[in-house]
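Read off the chains here:
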Amino acid sequence: MPSRFSIRDSVPAFSTADCEHALFAAKWPDGFRCPRCGHPHYYEVSSRGRRLFECRSCSHQASLTAGTVLEGSRTPLTKWFQAMFLMQIGISARLLAELIDVTYKTAWLINHKLRHAIGEWDRERPLEGDLQLLGEYYGYEYHRYLGSLIVQQGLKPQPIVVGASLDGAGDIVHLKMKAVDGPEGDDTARRGGAGGEEAAERFVQKHVAGGDADDRAERLERGHRGQTALHVAWREAVRWLTWTFGGIGPKHLQAYLNEFCFRRLLCRNDMLAELIACCGTTKTITYRRLVGSRSSIRQIPWAYRRPACSGRRAG
C-alpha cells in the first residue's frame, strides 16, 4: 500500500458546491421529487445555514442529506466525499481519521455507513449466468491465545461461501463473499461448514437470480494452492484484511467482505461514481444498530443509601 503521505497528496480538495451538486444528482437522478407528494418543482431556501428544498405544491421542506446514508451527520460534505474517495483504496478508520482530520469514532462510523450502502447495492445485484462456488474459512488468528473461553469460541474460523458470475472467457464479472453465520448468510447451514452442500444451497437461494443454479454452478475445492480466479480473489481478500486491519472479527466481517467485492468489481472512477449514487439512495444506519446492544456490560444497581443519623453516640 502507498505511504500515508502519498495518499494524503492524492486526496482531492472537494468544494462544498461540487459535493452538493453530486449528492443532489445521486438522490434525485431524474430531477427533484418531493418526498411527500412527488411534485417536481421547488424553492430553494436556507434555514440555520442548511440548504433546504421547499416543494411548491405542499410546502414540504427536504434537506439534501435526508433519506441518504449521510442523514444526521454533522461532518462536512467535503470530508464525506474524501472518505468515499479513500474507500477506493480500502484503508482503516485510524488512517482515515488522520487523513480527513476527524475523530477515530467519526471515521469508523463513516466507513461503516459507506459499507452499509455497499451492502444494499450488493443485495440488489444477484449473481447470474455461469457460476463458480468455493467454500472457504476465514480465521481471526490474532486473538487465538487472548481473552476468555467465551471470546475464543466466538473467534473460531468463520465459514465463507465465495461465488462468482463468469463471462465466456472465464473471467469474473460479479463476485460475492458471504459469511455463513453472518447477517447475509444462514447460520442453520453452519453445521455443514463452508464446504457443505447445505451452505452452498443457501448461498444459491439467497444470492443467485431465481434462487436456482441448476447445472450452471461449478463447485471448486478449497485450498491455498488453487489457481482459479475465485481462489485468487479469496486470497486477495484475506491478505487485505490482514495487512490493513490486522484481521477482522466475526461481528463486522460481512461488511468488509462486501467492500472488498465492490472495490474489486469496479475500476476507480466507476467506483467513486457508483458509491456516491448508492449513498444518495440508501437510508442511513445508526451507531447503535451497528454496534448492537452492550450485553456484556452490567448495569450498576444504585440501591445504596446513606443510613440516617441516629444521634450522637453515647460516650
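For the structure given in this document, a descriptive report is provided here. (Residues numbered from 1 in each chain as written. Predicted model: local features only at pLDDT ≥ 70, side-chain atom pairs only at ≥ 80, totals over all residues. Heavy atoms only, no water.)

A short note on the pairing of strand 6 (residues 172-179)
Convention followed: Burial here depends on accessible area, computed with a 1.4 Å probe over protein chains only, as a share of the maximum for the residue type. Under 20% is buried, over 50% is exposed, and the range in between is partly exposed. Under the DSSP-based scheme used, a helix requires at least four consecutive residues in state H or I and a strand at least two consecutive residues in state E, with every element numbered from the N terminus. Following DSSP output, two strands are said to pair if at least two bridges run between them.
When you tally the buried positions in strand 6, you get seven out of eight residues, the bulk of the element. Here seven bridges tie strand 5 (residues 158-166) to strand 6, and the two strands are oriented antiparallel to one another. Residue pairing across strands places valine 161 opposite lysine 178, the latter belonging to strand 6.

Describing the pattern of salt bridges
Our working rule: One side-chain nitrogen of Lys or Arg within 4 Å of one carboxyl oxygen of Asp or Glu is enough to make a salt bridge.
By the definition in use, this model includes eleven salt bridges. For glutamate 20, the salt bridge is made with arginine 51, and the minimal N-O distance between the two is 3.0 Å. Of this pair, glutamate 20 sits in helix 2 (residues 16-27) while arginine 51 is found in strand 2 (residues 50-55), placing the two residues 31 residues apart along the sequence. Glutamate 44 is the partner of arginine 51 in a salt bridge, and the nearest nitrogen-oxygen pair spans 2.7 Å. Residue glutamate 44 is classed as partly exposed on the basis of its relative accessible area, which comes to 46%.

Structural notes on the side chain of threonine 68
Applicable threshold: Any pair of nitrogen or oxygen atoms within 3.5 Å is treated as a polar contact; in protein, a donor-acceptor pairing is required on top of that, and neighbouring residues in sequence qualify only through side-chain atoms on both sides. Note on contacts: a residue pair qualifies if any of its non-hydrogen atoms lie within 4.5 Å across the two residues.
Within the fold, threonine 68 resides in the loop between strand 3 (61-63) and helix 3 (77-86). A polar side-chain atom of threonine 68 sits 3.2 Å from the main-chain amide nitrogen of leucine 70. Setting aside chain neighbours within four positions, we find threonine 68 in contact with Lys27, Cys279, Gly280, Thr282, Lys283 and Thr284.

As for helix 4 (residues 93-100)
Burial within helix 4 is extensive, with six of its eight residues counted as buried. Listed in full, the buried residues belonging to helix 4 are Ala93, Leu95, Leu96, Ala97, Leu99 and Ile100. With its phi angle positive at about 60°, aspartate 101 sits one or two positions after the end of helix 4.

So, the sheet that holds strand 6
Each strand in a sheet pairs with its neighbour through backbone hydrogen bonds, running either in the same direction (parallel) or in the opposite one (antiparallel). Stated precisely, the cut-off is as follows: Axis definition: a line fitted to C-alpha atoms, limited for helices to the stretch in contact. Angles are taken between N-to-C directions and run from 0 to 180 degrees.
Pairing within the open sheet is mixed, and its four strands lie in the order 6-5-4-7. Edge positions in the sheet fall to strand 6 and strand 7 (217-220), since each has one partner strand and no second. In this sheet, neighbouring strand axes are inclined to one another by 20° on average, regardless of whether the strands run parallel or antiparallel. The sheet contacts of helix 7 (residues 197-207) involve strand 4 (130-138), strand 5, strand 6 and strand 7, and relative to strand 6 the element is tilted by about 120°. Set on the sheet, helix 8 (residues 229-245) makes contact with strand 4, strand 5, strand 6 and strand 7; between it and strand 4 the angle comes to about 35°.

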